[in-house]
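Read off the chains here:
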Amino acid sequence: MTKLGESCTYAGEMVEEVSAGSANVCFDERGLVPAVVQQEGTGEVLMVAWMSEESLRLTLETGTTWFWSRSRRELWNKGATSGNMQQVRRVLVDCDADTLLVVVDSPGPACHTGHRSCFFRELSQQSDLS
């Protein structure tokens, strides 16, 4: 993760360093906040997952990504089974404190399907939505 004294910029702007507690992260009624996971260096969006207060704490403490599985109703350490552990480089919180951006070094596929990113399908311009 970004070390104290290192250049702290994102999108060309200086970043304010705040503690998780003082950031007042807004967890929803289920106790969750969305987390966008982005590859360091390339900016690839790898996945979007949900974090609880505990998974955010574990992520900050261990330097690897932890999420809350809504379907299994349990914590999971991304890559613990597959070996594709995501090394956290920094965690940013948006201006409303209701979304996190987790910048990682992800050595392998981030998607459970085996794709590098969960975003491998593009919607066509023809809409069949009602």
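Above this text you will find the structure in question.
To keep things clear, this report deals only with the structure shown in the data block. (Residues numbered from 1 in each chain as written. Predicted model: local features only at pLDDT ≥ 70, side-chain atom pairs only at ≥ 80, totals over all residues. Heavy atoms only, no water.)

Focus on the side chain of N77
Considering the arrangement of structural elements, one finds N77 in strand β6 (residues 74-77). Judged by its relative accessible area of 17%, N77 falls in the buried class. Engagement of the side chain of N77 in a polar contact is seen with the side chain of T64, the distance being 3.1 Å. Setting aside residues up to four positions removed in sequence, N77 forms contacts with T64, T65, W66 and M85. (Helix = DSSP H or I, 4+ residues; strand = E, 2+ residues; numbered from the N terminus. Buried < 20%, exposed > 50% of the residue type's maximum accessible area, 1.4 Å probe, protein only. Polar contact = N/O pair within 3.5 Å; in protein donor to acceptor, adjacent residues only side chain to side chain. Contact = heavy atoms within 4.5 Å.)

Observations regarding the pattern of salt bridges
Scanning the entire structure with this criterion turns up seven salt bridges. In this structure, the salt-bridge partner of E44 is R116, at a minimum N-O distance of 3.4 Å. Separated by 72 residues along the polypeptide, E44 in the loop between β3 (32-39) and β4 (45-52) and R116 in the segment after β8 (100-105) bring together distant segments of the chain. Residue E44 is classed as partly exposed on the basis of its relative accessible area of 31%. One salt bridge in this structure joins R57 and E61, with 3.0 Å as the shortest N-O distance. Of this pair, R57 and E61 both sit in helix α1 (residues 53-62), four residues apart, roughly one helical turn. Classification of E61 as exposed rests on a relative accessible area of 54%. (Salt bridge = Lys/Arg side-chain N within 4 Å of Asp/Glu carboxyl O.)

All we've got here are geometric facts, nothing functional implied.
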